[in-house]
Amino acid sequence: NGFFYVLDRKTGELLSAEPYATVTWAEKVDLKSGRAVLAAQGNYSARKKLIWPSQAGGHNWMPMSYSETAHLVYIPALDAPMIFGMVPGSAVHFRPGANNEGDDVAFPPYGAQEAAALQGQPAPEYRSVLEAWDPVAGKVVWRTPAMPFWGGGVLSTATGLVFEGAADGVFSAYDGASGHKLASIETGTGIMAAPISYELDGVQYVAVLAGFGGAMNAIGFPPGSAALEYENSERLLVFKLGGKSVKLPPPRHVEVQPPPPPIKADAATLARGRDLFIGHCAGCHGFRGAAFAGAANGYPDLWNLPPGTHAAFQAIVHQGALAQAGMPSFSDTMSADDVQAVHAFIVSDEIETRARAARTH
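Below, the structure is looked at part by part. Just so you know, these numbers come straight off a predicted model, no measurement behind them.

## Concerning the overall build of the protein
Looking only at helices and strands, the protein features six helices and 18 strands. Structurally, the protein occupies a C-alpha span of about 70 × 55 × 40 Å along its principal axes. Relative to its full complement of 361 residues, the protein shows a buried share of 42%. The long-range fraction of contacts in the protein, counting pairs at least 24 apart against all pairs at least 6 apart in sequence, stands at 54%.

Right, here's the structure in full:
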């Protein structure tokens, strides 16, 4: 939520709660009650508001690291707000203190439609930074220049080094005291995990798992991601002093599949399929292959499926034929007719989208 909390480990007493990222949804945290003092900017019930941080948080799951020698916490922080507003006509109403999932949200960049929500607020960013946080003083000691969304987990060492990978595939080493970048290694693979360090036969190694994904990134890779340029295969990278350069993955290549044969369906069925797709499928696969226009998608592009997958669509979605690969059966939420309607909508929209693109070019 943008605040860094320090607790007494024996009593649980809240000692401090200072913002380490831009925060506009709350004025402060009351140390006596532990509750945030809400700001007017955080109330989006009447009109859309630009709120820092976004739903991604000021810091997400990527592990931070505490140095027992420097007494600093190294945080992979996120510099990104989000416009929040209630969806018109939604059955979910704004209730303070509740999880208002009837909201309409949008990451930067913003256009003319969002101008009103931006007035009087800090200029919206969409980036990651690595920062060194002093938990006693409650302030940032140093912060790196902006990196593409997202930065990965952090490793700090007793000798004062800090290591972090990022979405752009660059693995970096920093001086933990000053933040000065000591090394920058191009890997071609987005790095979200935290590195580890170990010694073997007198040689020190640093290892990190690479492969760009996650709940949001798989929907649409943000600008600057290595996965937009290179194949996004998972791999383990291990470094040592004097080691070789990292072999870059093959360039990303998307094979355009032949258009599927039409599925006969009336307008009502296609409309129902569209609604079902948005409710059950778009959260992972994205609409027309990506949630972000022009971005790659970490899940299969349903608008570019091979013929064999179209033939097995019912078996995959309703019967769970690919459950072992992470695609579960939806038989508990959709009937066989529902799945057929979703398939009909996707096929119809793909044929129409391709025809429209052909006319444009």
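## Regarding the sheet that holds strand β10 (residues 127–134)
The antiparallel open sheet is built from four strands, whose spatial order is β6-β7-β10-β11. Edge strands, defined here as strands with exactly one partner in the open sheet, are β6 (65–67) and β11 (139–143). Neighbour-to-neighbour, the strand axes of the sheet open up by a mean angle of 35°, direction not taken into account. Pairing of β10 with β11 involves four bridges; the strand directions are antiparallel. Across the sheet, the residue bridging to D134 is K139, located in β11.

## Re the nonpolar core
Ranked by size, the top nonpolar core spans 24 residues in total, and within it F3, W25, A56, F149, W150, M192 and F212 carry the most contacts. When contributions to this core are tallied by element, the ones reaching two or more residues are β2 (14–19), β3 (26–29) and β8 (82–86). Sorting elements by how many residues they give to this core places β8 first, with three residues. F277, A282, V342 and I346 belong to the second largest nonpolar core, which has 16 residues in total.

## A look at the environment of A46
Mapped onto the fold, A46 is located in the loop between β4 (36–38) and β5 (49–51). Spatially, the C-alpha atoms of A46 and F94 are 9.0 Å apart, while their sequence positions differ by 48 residues.

## Points about the packing of aromatic side chains
Throughout the structure, instances matching the rule amount to 16 aromatic pairs. Consider the rings of F3 and W25, whose centres lie 6.1 Å apart with planes at 80°: the pair is edge-to-face. Highlighted residues: F3 in strand β1 (residues 3–7) and W25 in the loop between β2 and β3, separated in sequence by 22 residues. For F3, a relative accessible area of 7% gives the class buried. Taken together, the ring pairs connect F107, Y126, F149 and W150 into an aromatic cluster.

## So, the environment of Q121
Among the secondary structure elements, Q121 is positioned in the loop between α1 (115–118) and β10. Counting along the chain gives 187 residues from Q121 to G308, while the straight-line C-alpha distance between them is 50 Å. Apart from residues lying up to four places away in sequence, Q121 is in contact with T24, Q41 and L50. Of the polar contacts made by the side chain of Q121, one reaches the side chain of Q41; its length is 3.1 Å.

## Observations concerning helix α6 (residues 336–360)
Between its first and last C-alpha, α6 extends 36 Å over 25 residues, near the 36 Å set by a 1.5 Å rise per residue. What α6 keeps buried is the set D338, V339, A341, V342, H343, A344, F345, I346, V347, D349 and E350. Summarising the contacts, the buried residues of α6 are in contact with α2 (267–280), α4 (307–311) and α5 (313–317).

## As for α2
The terminal C-alpha atoms of α2, which comprises 14 residues, lie 20 Å apart, in line with the 20 Å expected from a rise of 1.5 Å per residue. Every buried residue belonging to α2 is among G273, L276 and F277, and all of these are buried. Angularly, the buried residues of α2 cover 105° about the axis, an arc narrow enough to put them on a single face. Exposed side chains of α2 directed beyond 90 degrees from the buried face belong to A267, A268, D275 and G279.

## Quick notes on the sheet that holds strand β9 (residues 103–106)
With antiparallel pairing, the three strands of this open sheet are ordered in space as β5-β8-β9. Among the strands making up the open sheet, the edge pair consists of β5 and β9. Strand-to-strand twist in this sheet, taken as the mean axis angle between neighbours without regard to direction, amounts to 30°. Here β5 runs beside β8; their pairing, made up of three bridges, is antiparallel. The partner of K49 across the bridge, within β8, is F84.

Procedures and definitions
Residues numbered from 1 in each chain as written. Predicted model: local features only at pLDDT ≥ 70, side-chain atom pairs only at ≥ 80, totals over all residues. Heavy atoms only, no water. Helix = DSSP H or I, 4+ residues; strand = E, 2+ residues; numbered from the N terminus. Buried < 20%, exposed > 50% of the residue type's maximum accessible area, 1.4 Å probe, protein only. Contact = heavy atoms within 4.5 Å. Pairing = 2+ DSSP bridges. Axes fitted to C-alpha atoms, helices over the stretch in contact; angles between N-to-C directions. Core = buried A, V, L, I, M, F, W, Y, C linked by side-chain atoms within 4.5 Å. Phe/Tyr/Trp six-rings, centres within 6.5 Å; stacked < 30°, edge-to-face > 60°. Polar contact = N/O pair within 3.5 Å; in protein donor to acceptor, adjacent residues only side chain to side chain. Expected span 1.5 Å × (residues − 1). Arc of directions from axis to C-beta.

In short, geometric facts, not functional conclusions.
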